[in-house]
Amino acid sequence: MVFVSVILSAFAAVTLWWTMHAWRTPETLAATRFAPPDGEQHLTFSLLVPARHEQAVLEHTVQRLLRSTHEAFEIIIIVGHDDPATAEVADRVAATAPGRILVVTDHNLVKNKPRALNTALPYARGDVVGVFDAEDQVHPELLEHVDHAFRATGADVVQGGVQLINFHSSWYSLHNCLEYFFWFRSRLHLHAKKGFIPLGGNTVFVRTDVLRRANGWDGTCLAEDCDLGVRLSSRGSKVVVAYDSTIVTREETPHSLHGLLKQRTRWHQGFLQVLRKGEWRRLPTLRQRLLARYTLAGPFLQAFSGVVIPVGVAIALWANLPVLVALFTFLPVLPMAATLLFQVIGLRDFGKEYDLRIRWHHYARLVLGAFPYALVLATAALRAVWREYTGRRNWELTSHVGAHLNEAVPA
Amino acid sequence: MTAIELARPISVVPAAAHDVRARRDLFLALGLTAVIVTLLAWNITGFPSASDDEGTYLAQAWAVQHGRGLAHYTYWYDHPPLAWIQLAGLSWIPAALAPGLTAVAAGRIAMLPVQAVGLLLVYLVSRRVGMPRWAASLALITYGLSPLYLTMGRQIYLDSFAVVWMLGALALALSPRKHLWHFAAAGGAAAVAVLSKETIAVVLPAVLLALWQNAARSSTRPWAFGAFVSGLVLVGCFYPLYAVLRGELFPGAGHVSLIGAWQFQLGSRSGSGSVFASGSGASSLLHSWLYYDAVILIAGAVASFAGLVLRQVRPVALAGAILVLVALRPGGYLPAMYVVQVLPFFAIAIAGVIAAVVAALPPVHVRWRWAVLAPAVLLTVAVIAPRWYVGDRRALGTNDNAPYAQAAAYLNEQLPGSRGGTVVVDDVLWLDCVDAGYPPDKVLWFYKVDLDSAVAGRLPGGWRDVDYIVSTPAMRQDPNSLPTVRTLLTNSTVIASFGPQDGRIEIRRVDKGATA
């Protein structure tokens, strides 16, 4: 029991340490922002938007992309051959901007996001391929910033920020939003710095030649974004993360708990697949390999500790343990409680950065929902392990209703 | 791979020069600390005379070390236990350096590293609030040469641990890198300070102010406070947690409790009166402090309030000012070692105010500046030096503890027949008896005989179960409140005695045949 407690608290402490990376000193915080663009435009972009059963949100997303202030970009919408409703929307939007928008039909029998992206890759004419999801709200100035970031740093990959906004929709969406906030605001920068980075699923930009050399995305992987990041990291590509709340890509949380569970199961299973593929073994240094192993296995450790720690504390309180042993079981609660406290501060920061009104009941919901949310994550992790073990590797799609579009967001 | 770095901090000082300066600071602070620690160590066994409290804390450290819980009698949450747990951790030092000493004398040697850290932290905090090198040195010297410090800094007090941790918290809160984990560590250090001696908690606002100032105009201020609070609360909560796990949080029949102890400390403990009322306990205590060193107390109190207007010195001055106000509150309880917590803040405030005055003198007229400074310095030295010389010489030369050492030696060598018998002693000699081989449960603290029902239960035949009693000034102080002890003193004969009339230590054999 003492041993488990020490391991758990070490794990929780390391995770907390990394999660708080961006706020360590004022200098690190300043370093996580996008450099302001210099007004020049040198690169050309191919923006890939895979859309499957997204007829409700696709048009809005593409219209916003078209408003981009950058001059040189094309949009490639990928629709399935069995999805006429989305294809109809795509064709209609394409007609409004001929030459800018290309609609590609994916004829793969098994449909998933990486296959759709691979279908579109041969059509991409830009220097840089960018990926967006059909429900993304992209800021018009994003491309200019990314253009500058590529040129200023000589990067092969630029990962921009993604943020879930509809924190008020449900109890779990609050936690989900904060997860994104901490991940993109802070943790991802640490990964970029250490040279091992699981990329995000969208607002990710890769030099087209680098992407083609890497043979695009892995069509069998459930976390193609993470896999691409690991493969590019292992090949020594330079990855840059830049975050700015004003130009972050806005998304919505899954609209049901079941949807969240499915999405999370897919990610966790994807992480497991990436771990098993072993591309990360090609990372040059031992530290990077350890970080990779730790990060890819992280969701499972996290899910495990989120459930075990409260159970351990309950045992310590109600069972008659020796006092010293009981005190030890409280050790992992320290980083856990500190994490919760930082989440409260993070929620305040989140509200300030995105100009959202955070009320007292949101804070209360945050604290009260912490354990149930940990349970959801743990369930997803167990489900992922079970599905991977039984060989069920199909793609469970998350559907979108456009809850984040109702937010009044100045363009 | 890297994140875009926009604001790469441009160092004004080249790295090499910065290293040289940091090293100069280090050598200066280490050198001065070495001198002061030598002065502390000189005659540490002889002066001041061993106090009951020192014996108490040492015995509790002994209990921790030997796995007997947090105290060798029932731990009743009188003080949080961290200080004597640390003391237990340091006990290997005297055991290795000077195995032959009496328990209290040896225990004092374990305080030397604690005091060394405290002295270094006084320098570090001074530097971190922005004082020049000479002023930081002045703070360290003022602190270290004060006869009050040379006296009380040698003694085994929980307050010494607490104040060192609080200085550490202050130094971390003033971290020049404004690192999040330094702030968390500051919270943790503050919690350890409070769990070493709970009264230091009144200084917490000073640490918060330091943190507030240090994080001013910084993008990470809310996170800094979050880190501090989590460090403070999460480390601090282990103490109430301990009580909860033992089922001793709330008062109840048949057991001690944390809240019950707090109620006693805050409510029932009789106050020591106002420091302004002559003849009150607080007043005579203040006079005893002033007797040792009026300079640092008066100058420090003035500097603490004056320093409140100076932004840089304000956190430290606030600590000093709070401690003054708490001491002056009417009717509260003022413990004898309270001043231990006060001294470092006073010393830094004095140096800080002096540094501010010197900096405010117009530097253009160099000659005029020295014309003001030189007489002021000479006058100050002329006033202070003789007083401190007398006080410090007393600390370095007087041997007040010879009777205790002789009594301990007698108990160890001349009274072997008594082993197995029951001995009643004061707190100072308790550990000496245990070290000499007396069974720990047959050596009794004199006031526990009357006040602890569990101890009284070990004497079914009442006072006649006691074989020897070692009478010391502490025991004779207040005989009427302890009837059994009084009976023992009247019904016993002196078999050995040590020391002068007023501080005599007597080994007495109990006359069991006497009729009480």
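Residues numbered from 1 in each chain as written. Chains lettered and ligands numbered in written order. Predicted model: local features only at pLDDT ≥ 70, side-chain atom pairs only at ≥ 80, totals over all residues.

Below, the discussion takes up the overall build of chain A. Scanning chain A from N- to C-terminus turns up 14 helices and nine strands. Relative to a compact globule of 411 residues, whose C-alpha radius of gyration would be 22 Å, chain A shows 21 Å and is just as compact. Overall, chain A is about 75 × 45 × 40 Å in size when its C-alpha atoms are taken along their principal axes. Classification of the 411 residues of chain A by burial places 50% in the buried group. (Helix = DSSP H or I, 4+ residues; strand = E, 2+ residues; numbered from the N terminus. Rg over C-alpha atoms; globule rule 2.2 N^0.38 Å. Buried ≥ 20, exposed ≤ 12 C-beta atoms within 10 Å, placed from the backbone.)

A tally of regular secondary structure across chain B gives 24 helices and five strands. Against the compact-globule benchmark of 24 Å for 516 residues, chain B has a radius of gyration of 25 Å, which places it among compact chains. With respect to the three principal axes, the spread of C-alpha positions in chain B is 85 × 55 × 45 Å. Looking at chain B residue by residue over its 516 residues, the buried ones come to 46%. By sequence separation, contacts in chain B at least 24 residues apart represent 70% of the contacts at least 6 residues apart. (Contact = placed C-beta atoms within 7 Å.)

Turning next to helix 10 (residues 257-277) of chain A. Each turn of an α-helix holds 3.6 residues, which means side chains three or four residues apart point in the same direction. Residues and elements named next belong to chain A. Between its first and last C-alpha, helix 10 extends 30 Å over 21 residues, near the 30 Å set by a 1.5 Å rise per residue. Those residues of helix 10 lying buried are Leu260, Arg264, Thr265, Arg266, Trp267, His268, Gln269, Gly270, Phe271, Leu272, Gln273 and Val274. In the core, the buried residues of helix 10 are packed alongside helix 7 (171-194), helix 9 (224-234), helix 11 (286-318) and helix 14 (360-389). Directly beyond the C-terminal end of helix 10, a positive phi value near 75 degrees is found at Gly278. (Expected span 1.5 Å × (residues − 1).)

All names here are of chain B. Of note, Met152 is situated in helix 7 (residues 147-152). When the C-alpha atoms of Met152 and Val207 are compared, they prove to be 24 Å apart, with 55 residues separating the residues in sequence. The contacts of Met152, once residues within four sequence positions are left out, are Tyr157, Met337, Val339 and Val340.

So, on to the environment of Gly306 of chain A. Residues and elements named next belong to chain A. By secondary structure assignment, the location of Gly306 is in helix 11. Since 20 C-beta atoms lie within 10 Å of it, Gly306 is described here as buried. Put simply, Gly306 and Phe167 are 139 residues apart on the chain and 21 Å apart in space, counted from C-alpha to C-alpha. Apart from the residues lying within four places of it in its own chain, the contact partners of Gly306 are Ala374, Leu377 and Ala378.

Any two packed helices are characterised by the angle at which their axes cross and by the distance between the axes. Residues and elements named next belong to chain A. Direction vectors running N to C along helix 1 (residues 2-19) and helix 13 (residues 333-353) enclose 30 degrees, while the axes themselves pass 8 Å from each other. For the element pair helix 1 / helix 13, the angle class is roughly parallel. Classified by chirality, the crossing of helix 13 by helix 1 is left-handed. The residues of helix 13 that touch helix 1, namely those facing Ser9, Ala12, Ala13 and Leu16, are Leu334, Pro335, Met336, Ala338 and Thr339. Of the residues in the contact of helix 1 with helix 13, the class split is seven nonpolar, two polar and no charged. (Axes fitted to C-alpha atoms, helices over the stretch in contact; angles between N-to-C directions. Parallel < 35°, antiparallel > 145°, perpendicular 65-115°, else oblique. Left-handed = near helix turned anticlockwise from the far one by under 90°. Nonpolar A, V, L, I, M, F, W, Y, C, P; charged D, E, K, R; others polar.)

Accessible area lost on assembly of the parts is the figure often given for the size of an interface. The interface is formed by 37 residues belonging to chain A together with 26 residues belonging to chain B. Mapped onto the side of chain A that touches chain B, the elements with two or more residues apiece are helix 2 (26-31), helix 6 (142-153), helix 7, strand 8 (239-241), helix 12 (323-329) and helix 13 of chain A. Looking at the side of chain A that touches chain B element by element, the count peaks at eight residues for helix 13 of chain A. Taken together, the residues of the side of chain A that touches chain B sort by class into 25 nonpolar, five polar and seven charged.

This brings us to the packing of helix 5 (residues 103-128) of chain B against helix 8 (residues 158-173) of chain B. All names here are of chain B. As a packed pair, helix 5 and helix 8 sit with axes 9 Å apart at the nearest point and diverge in direction by 30 degrees. Considered as vectors, helix 5 and helix 8 are oriented roughly parallel to each other. Judged by the twist between their axes, the crossing of helix 5 over helix 8 is left-handed. The segment helix 5 lies against helix 8, with Met111, Val114, Gln115, Val117, Gly118, Leu121, Val122, Leu124, Val125 and Arg128 engaging Ser160, Phe161, Val163, Val164, Leu167, Gly168, Leu170 and Ala171.

All names here are of chain A. On the basis of which strands lie adjacent, the open sheet formed by seven strands has the order 3-2-1-4-7-5-8 and mixed pairing. Single-partner strands in this sheet number two, and they are strand 3 (101-106) and strand 8. Each adjacent strand pair in this sheet contributes to an overall mean axis angle of 20 degrees, direction not counted. The sheet contact formed by strand 1 (residues 45-51) and strand 4 (residues 128-131) spans four bridges and is parallel. Paired with Leu47 across the two strands is Gly130, which belongs to strand 4. (Pairing = 2+ DSSP bridges.)

Let's shift gears to the confidence of the model for chain A. Put simply, chain A has an average pLDDT of 87, and 96% of its residues get 70 or more. Segment residues 407-411 of chain A: pLDDT under 50, and six contacts once partners within four positions in sequence are set aside and those in other chains are kept. (pLDDT = per-residue confidence, 0-100.)

This brings us to the domain arrangement of chain B. Residues and elements named next belong to chain B. Domain annotation of chain B identifies domain 1 (15-397) and domain 2 (402-510). For domain 1 versus domain 2, the distance between C-alpha centres works out to 34 Å. Contacts between the two partners involve 14 residues from domain 1 and, on the opposite side, 15 residues from domain 2. Elements with a contribution of two residues or more to the side of domain 1 that touches domain 2: helix 2 (52-65) and helix 5. Per element, the largest residue contribution to the side of domain 1 that touches domain 2 is seven residues, and it comes from helix 2. (Domains from an automatic or database assignment.)

Turning next to the nonpolar core. Judged by nonpolar contacts, the single largest core of 178 residues is most densely connected at Val122, Val125, Ala139, Met166, Ala169 and Ala186 of chain B. Beyond its immediate sequence surroundings of up to four residues, Ala186 of chain B is in contact with Ala169, Leu172, Ala173, Val207, Leu211, Phe228 and Gly231 of chain B. Grouped together as the second largest cluster of nonpolar side chains are 94 residues, Leu47, Leu48, Phe271 and Leu366 of chain A included. (Core = buried A, V, L, I, M, F, W, Y, C linked by C-beta atoms within 7 Å.)

Okay, the pairing of strand 4 (residues 492-498) of chain B next. For a regular strand, the rule is simple: side chains alternate between the two faces of the sheet. All names here are of chain B. Here strand 4 pairs with strand 5 (residues 505-510) via six bridges, running antiparallel. Of the residues in strand 5, the one forming a bridge with Thr493 is Arg509. What sits between strand 4 and strand 5 in their antiparallel hairpin is a turn of six residues, with Gly499 showing a positive phi close to 85 degrees.

It is worth spelling out the environment of Leu323 of chain B at this point. All names here are of chain B. Along the chain, Leu323 turns up in helix 16 (residues 314-328). Between the C-alpha atom of Leu323 and that of Ala349, which follows or precedes it by 26 residues, the distance is 13 Å. With residues up to four places along the chain from it excluded, the contact list for Leu323 reads Val202, Val203, Gln341, Val342 and Phe345.

Turning next to the domain arrangement of chain A. Residues and elements named next belong to chain A. Domain parsing of chain A yields domain 1 (2-20 + 284-391) and domain 2 (26-256). For domain 1 and domain 2, the distance between their C-alpha centres works out to 29 Å. On the side of domain 2, 18 residues touch domain 1, which itself brings 19 residues to the contact.

This part takes up the sheet that holds strand 2 (residues 443-445) of chain B. Residue and element names in this part refer to chain B. The five strands are arranged 2-1-3-5-4 in an open sheet whose pairing can be described as mixed. Taken across any chain shown, the strands that pair with only one partner, and hence form the sheet edges, are strand 2 and strand 4. Going from strand to strand, the sheet's axes swing by 25 degrees on average, the running direction of each strand aside. Here two bridges tie strand 1 (residues 423-425) to strand 3 (residues 468-471), and the two strands are oriented parallel to one another. Across the sheet, the residue bridging to Val423 is Tyr468, located in strand 3. This element, helix 19 (residues 402-413), spans strand 3, strand 4 and strand 5 of the sheet and lies at about 30 degrees to strand 5. Contacting strand 1, strand 2 and strand 3, helix 20 (residues 427-435) crosses the sheet at an angle of about 165 degrees to strand 2.

We now examine the confidence of the model for chain B. Residues and elements named next belong to chain B. Here chain B averages 87 in pLDDT, and 94% of its residues register 70 or above. Taken element by element, chain B is modelled with least confidence in helix 13 (residues 258-268), mean pLDDT 79, and with most confidence in helix 8, mean pLDDT 96. pLDDT under 50 marks residues 1-13. Its contacts with residues more than four places away, or in other chains, come to 32 contacts. Across the predicted assembly, pTM comes out at 0.88 and ipTM at 0.84.

Our focus in this paragraph is unusual backbone geometry. In this structure, the amide linkage connecting Phe47 of chain B to the following residue, Pro48 of chain B, adopts the cis form with an omega of -10 degrees. Relative to the elements of secondary structure, Pro48 of chain B occurs in the loop between helix 1 (15-41) and helix 2. One non-glycine residue with positive phi stands out, namely His53 of chain A, at about 50 degrees. Classification of His53 of chain A as partly exposed rests on a count of 17 C-beta atoms within 10 Å. With a phi close to 50 degrees, Lys178 of chain B is a non-glycine residue in the positive phi region. By the element assignment, Lys178 of chain B lies in the loop between helix 8 and helix 9 (180-196).

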